[in-house]
Amino acid sequence: MKKRLIITGGAVALVLLILLFLWKPTVVIYGVQRAGLYSAIAIPMGLVLGIVHIVNLAHGELMMVSAYLTYFLATKLGMDPLLALIPAAVVLFGFGILIYRLTISHTLKAPELNQLILTFGIAIVLVQAVNLIATSQPRKLSVDYVTASAKMGEVHFGIYDFVFVALAVAILLGLQWFLKKTKTGRAALAVGQNPKGAQLVGINVDRTYMLVFGIATALVGVVGGFFLTKQSLFPAVGGPFTMKSFALVAMAGIGNLPAIFFAALGLGVAEAFISSFQGYGGWAHIVFFALIIAVILIRSFRGGK
Amino acid sequence: MTGKIVKSTVLIVLLILALIFPMIAGPYPQSIMKTVFVYMALALAWDILLRSGQLSFGIAGFYGLGAYASVLAVTHLNLGGVSAVLFGGIFSALVALLLGLIILRLRAMYFAITTLALAEIFRVIIRNWKGFAGGPDGLILPSVVFDGAPVPSYLLVLGVVLIVIGASEFVEKGRFRFALTAIRNNEIVAKSRGVNVFTTLLKAFVLTSGLMGMAGAAFSQLYGFVTPENTFSADFTLLPLAMALLGGIYGTWGPVIGSLVLGIIAEYLKLFMPYGHLIVYGIIIILVILFMPRGFVGLIRDIDTRNRSGKGEDTKTSSSKEVPA
Amino acid sequence: MKGLKTTGLTRKFGGLVAVDSVDFTLEPGRIVGIIGPNGAGKTTFIHLISGVYLPTSGTVELDGRDITMMPTHERSRLGLSRTFQIIHPLENLNLVENVMIGYLFAKNLKKKEARAKAENLCLELGLDRLERSVDQLTVLEVKKMEIAQALATEPSILFLDEVMAGLTSEESFALIDFIKRIGAEKNLGIGVVEHVMGVIKELTHSVVVLDSGAVIAQGPYEEVAKQSRVIDAYLGGGA
């Protein structure tokens, strides 16, 4: 029953995509590229939400911090950003663990409200700290390989952004492998499903939470490095990604990482569609948020009774 | 009984101080107080909804809606400054009523993030609505309220804050408090004792949002302009939140104390730290949640109970770890 | 018909049938025990009657009126009340304020009136530390407060979900006396979920035995307790 629904839904979506592609090919291409970026950022949030059961409202901001780190490594030391993101991700891993130890671990037993407010506060501190250190002046790296483009019939389009799709797929596959095949990953899954039970069979729940939070932070760190190669940076750049990531995770259903990719696909294409009409680009955000609310509501109604 | 008399005396003295403040203080402290009052109204309005357990990150959204509505009411409906302030509040309340019918089925993180998204949606709509709402450039009033006369405009903001305090106390002293507290503790228990959870939440959401809209309207009438970026600025969510938390949530006096303390500190902070002074609010939020989740008011209560229950007994002092459930 | 009646009441969770076409009646003035092994569906059954869950099929009637789909708060206003197995005292409200809730919202009384009635009810139950904050109450006080809170909606039908758990036998007997007295005084129909069979024996006019969600026996306690199916359910299948 459920399987049939997924197959029919998938088939309908595919047909719509193909039709859209014939009508407005760039919408589909840019939509898919956006979906790559969105899901690459959202999947680590889904990991934290699914296992630590914490909504990290500083999620997009951590990506921003990593992008700045990469930026300074690239400009001061002359590293290629795609190389510089490796040390940045390592730093972010440590940073994630620090944040977990110093703050989040102390509010795990508190009501959800406290956790939300706490991570909201962390987000503010990150944005403002970067604002103090690096000012709010936008920064951009010019990297020559990002301008690579391809031509399909009449249509010209950039191909570098497909790197985000690859990144998202790599993160997803990597995490699936980690969660299913490694001992630590399986323990993490068990903790996510039933922390008390996991504790009883001897899994160190606190350490698992810390590790998962660190891994998720390191992953957004990697995404931040890639983000820098394409977009300009300013302290508030991460905020919308926090919201969008949460929306995608909520749409996909908490604990369902692969579905995040499909949720992102829908939204990426919808955004690209609106943006393709001249002069309506500014409304793209609103489509996104309207969709968020609609989908979260539908889910909550269905789960309600 | 004596406690009650002391309390009301203090309140009356404070009220008189607030009323004669423009006569004893210069224009600069007056303008600080006006800003503090606007934040106080927001912090307290936010707390009213929080008493039901619903966390809103959409303060700036309803604040901004009220601000825009009141400016438009002056330019399009020829309303006077004071009635435009009320109009802003009513408009925000009406929008909250319509949205509340839908989003109040959400709880916890879903509700919190939806309110955050709503604030963003309002901003995006107004930014893109060039003809009517002025688009990215915003709107300018032909003249500010009372032509900028300092004392009446001070009294206008004071009036707004007194309305919010009045509303909060009305909630605290009446049966509404019982409904909100019951819902915050356990919705199923609340329902089983006859509380209509949805209606109660809707009332609280409409009230909260209307008060926020009124605060925004007052601010826009004072300064005479609104823009999407300034009026819907995240500061209007962040500062009230930090203020209410620092003072202590779930009651009238916590947010009032918190906004006075933090609002006045904020003014000096701006002088010493023109950029990025907001970091201080972020740090305060984190520290309060970690070490003092019940704020100043909770701290005072703890000391009070400790003094009453004798020295040896350490009844509720460990409650810094305890959560404000 | 006065009282509560369920017909074919069923609730499924996925593939699991938690409550399986239960026919049940509770008349005013009667005390009926609902017993069964752990996981038999007793608490789910109360959730269905009070509207916390909606049934997959079947109906719930109160005084002849179909209330199957009625919201919980409206049921409580019609005179259907219950206690909770896991008690959640309302923090930030003191003892008497916890009890006032029912008078305020189910009976729609003014605050003053609600307070006066709540104080009386508390004193009747032997609760005298009225202004105490709930985190400073004893287990017995919390249990009694829970019962008072449920009674404060002035019900005609009341379900008690393991109110004796955690009490000494002396305390239990005092509470049994109180429940019997209040039931007779106010002509209440009372449904009692309890694990301690001594309590059931003392308190009830008849019992209903649930196993895997279905009724496997009913009648006076002495008769039901002899039935082999009941003994099997408790000893054999156990869980």
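Within any chain, residue numbers begin from 1 and follow the written order of that chain's sequence. As a convention, the first chain written is A and the first ligand written is 1, with the rest following in written order. At least 70 in pLDDT is required for a residue's local features to be given in this predicted model, at least 80 for side-chain atom pairs to be given and counted, and no such filter applies to totals for whole chains, interfaces and linings, which use all residues.

A closer look at the overall build of chain B
- Strands are runs of DSSP state E lasting at least two residues, helices are runs of H or I lasting at least four, and both sets are numbered from the N terminus onward. From N to C terminus, chain B includes 15 helices and two strands.
- We compute the radius of gyration over the C-alpha atoms and compare it with the globule rule, which gives 2.2 Å times the number of residues raised to the power 0.38. Its C-alpha atoms give chain B a radius of gyration of 20 Å, within 12% of the compact-globule value 20 Å for 325 residues.
- The dimensions of chain B, computed from C-alpha atoms along their principal axes, are 65 × 50 × 40 Å.
- Buried residues are those with 20 or more other C-beta atoms within 10 Å of their own C-beta, exposed residues have 12 or fewer, and partly exposed residues lie in between; C-beta atoms are placed from the backbone. A burial count over chain B gives 53% of its 325 residues as buried.
- For the purpose of contact definition, each residue receives a C-beta atom placed from its backbone, and two residues are in contact when these atoms lie within 7 Å. Expressed as a percentage of contacts within chain B between residues at least 6 apart in sequence, the contacts between residues at least 24 apart total 77%.

Some points on the overall build of chain A
- Looking only at helices and strands, chain A features 12 helices and two strands.
- Ordered by position from the N terminus, the helices and strands of chain A form the series α-α-α-α-α-β-β-α-α-α-α-α-α-α.
- Looking at chain A as a whole, 48% of its 305 residues are labelled buried.
- Within chain A, counting contacts between residues at least 6 apart in sequence, those at least 24 apart form 74% of the total.

Looking at helix 10 (residues 197–223) of chain B
Residue and element names in this part refer to chain B.
- One less than the number of residues in a helix, times 1.5 Å, gives the span that helix is expected to have. The end-to-end C-alpha distance of helix 10 is 39 Å, a good match for the 39 Å that 27 residues give at a rise of 1.5 Å each.
- With respect to burial, helix 10 is a largely interior element, 21 of its 27 residues being buried.
- Positioned one or two residues after helix 10, G224 has a phi angle of 80°, which is positive.

A closer look at the interface of chain B and chain C
- Residue-level contacts link 17 residues of chain B with 23 residues of chain C.
- Going through the elements one at a time, helix 8 (175–185) and helix 9 (187–192) of chain B are the ones with two or more residues in the side of chain B that touches chain C.
- Gly falls in the polar group here, along with every residue not listed as nonpolar (Ala, Val, Leu, Ile, Met, Phe, Trp, Tyr, Cys, Pro) or charged (Asp, Glu, Lys, Arg). Grouping the constituent residues of the side of chain B that touches chain C by class yields eight nonpolar, six polar and three charged.

Overview of the sheet that holds strand 2 (residues 16–26) of chain C
Residues and elements named next belong to chain C.
- Only strands joined by at least two bridges in the DSSP assignment are considered to pair. One open sheet accounts for four strands, arranged 2-1-4-5; its pairing is antiparallel. Every other strand in the sheet has two partners, leaving strand 2 and strand 5 (65–66) as the edge strands with one partner each.
- Pairing between strand 1 (residues 4–13) and strand 2: seven bridges, direction antiparallel. Bridge pairing in strand 2 links L9 to V22.

Things to note about the packing of helix 2 (residues 25–51) of chain A against helix 6 (residues 162–181) of chain A
All names here are of chain A.
- The N-to-C vectors of helix 2 and helix 6 enclose an angle of 30°; their axes lie 7 Å apart at closest approach. In terms of orientation, helix 2 lies roughly parallel with respect to helix 6. You can see that helix 2 and helix 6 cross each other, and the crossing is left-handed. Residues V32, Q33, G36, L37, S39, A40, I43 and L47 of helix 2 lie in contact with helix 6, whose contacting residues are F162, F164, V165, L167, A168, I171, L172 and L175.
- The residue inventory of the contact of helix 2 with helix 6, partitioned by class, reads 13 nonpolar, three polar and no charged. All axes here are fitted lines through C-alpha atoms, helices being fitted over the stretch that makes contact, and every angle between N-to-C directions spans 0 to 180 degrees. What sets the label is the angle itself: under 35 degrees gives roughly parallel, over 145 gives roughly antiparallel, 65 to 115 gives roughly perpendicular, and the rest give oblique. For any pair of crossing helices, the crossing counts as left-handed if the nearer helix is rotated counterclockwise from the farther one by less than a right angle, and right-handed if it is rotated clockwise.

Quick look at the interface of chain B and chain A
- Taken together, the contacts link 35 residues of chain B with 35 residues of chain A.
- Elements that contribute at least two residues to the side of chain B that touches chain A include exactly helix 5 (108–128), helix 12 (235–247) and helix 14 (279–291) of chain B.
- With 14 residues, the top contributor of residues to the side of chain B that touches chain A is helix 5 of chain B.

Here's the deal with the packing of helix 6 of chain A against helix 9 (residues 205–230) of chain A
Residues and elements named next belong to chain A.
- Contact geometry for helix 6 and helix 9: axes closest at 11 Å, N-to-C directions at 170°. Taken together, the axis directions place helix 6 and helix 9 in an arrangement best described as roughly antiparallel. Where helix 6 abuts helix 9, its residues V163, F164, L167 and I171 lie against L219, V223 and F226.
- The class makeup of the residues in the contact of helix 6 with helix 9 is seven nonpolar, no polar and no charged.

What about helix 3 (residues 59–77) of chain A?
- Here helix 3 of chain A contains 19 residues, and its C-alpha end-to-end distance of 27 Å stays within 8% of the 27 Å for a straight helix at 1.5 Å per residue.
- Counting buried positions over the 19 residues of helix 3 of chain A gives 15, a clear majority of the element.

Thoughts on unusual backbone geometry
Residue and element names in this part refer to chain C.
- We note that N108 has phi near 60°; this positive angle belongs to a residue other than glycine.
- Summarising the element assignment, N108 is placed in the loop between helix 3 (95–105) and helix 4 (111–124).
- Assessed through the 11 C-beta atoms surrounding it within 10 Å, N108 is described here as exposed.
- Unusually for a residue other than glycine, N187 sits at a positive phi of about 55°.
- Positionally, N187 belongs in the loop between helix 6 (169–185) and strand 8 (189–193).

What to know about the sheet that holds strand 9 (residues 206–211) of chain C
Residue and element names in this part refer to chain C.
- Sheet architecture is open: six strands sit in the order 6-7-8-3-9-10, paired in mixed fashion. Sheet topology places strand 6 (80–82) and strand 10 (214–219) at the edges, where each strand pairs with a single neighbour. On average, each strand axis in the sheet is inclined to that of its neighbour by 20°, with strand direction left out of account.
- The pairing of strand 3 (residues 31–35) with strand 8 spans four bridges and is classified as parallel. Note that in strand 8 the partner of G33 across the bridge is V192.

Thoughts on the confidence of the model for chain B
- Here chain B averages 88 in pLDDT, while 94% of its residues score no lower than 70.
- Listed scores for the predicted complex are pTM 0.89 and ipTM 0.92. Per-residue confidence from the predictor is reported as pLDDT, which spans 0 to 100.

Points about the pairing of strand 7 (residues 157–161) of chain C
Residues and elements named next belong to chain C.
- Extensive coverage of strand 7 is indicated by the burial of five of its five residues.
- Both faces of strand 7 are covered, namely the face carrying I157, F159 and D161 and the face carrying L158 and L160.
- Pairing of strand 7 with strand 8 involves five bridges; the strand directions are parallel. Residue D161 lies in a different strand from strand 8, and its bridge partner there is V193.
- Convention used here: a crossover is right-handed provided that the path from the first strand, over the helix, to the second strand proceeds clockwise when the strands point away from the viewer. Taking the sense of rotation as the criterion, the β-α-β connection linking strand 7, helix 6 and strand 8 turns out right-handed.

Observations concerning the environment of A233 of chain C
All names here are of chain C.
- Counting through the fold element by element, A233 comes out in helix 9 (residues 228–237).
- With 117 residues separating them in the primary sequence, A233 and A116 have C-alpha atoms 47 Å apart.
- In contact with A233, not counting residues within four places along its chain, are G36, P37, V209, D211 and I216.

Structural notes on the environment of F178 of chain C
All names here are of chain C.
- Mapped onto the secondary structure, F178 falls in helix 6.
- According to the C-beta neighbour criterion, F178 is partly exposed, with 15 such atoms within 10 Å.
- Along the primary structure F178 and L125 are separated by 53 residues, whereas in three dimensions their C-alpha atoms are 7.5 Å apart.

Observations regarding the pairing of strand 3 of chain C
All names here are of chain C.
- For strand 3, the buried fraction is high: five of the five residues fall into the buried class.
- Covered by surrounding structure in strand 3 are I31, G33 and I35 together with V32 and I34, the residues of both alternating faces.
- For strand 3 and strand 9, the ladder comprises four bridges, and the chain directions are parallel. By the bridge assignment for strand 9, I35 is matched with V209.

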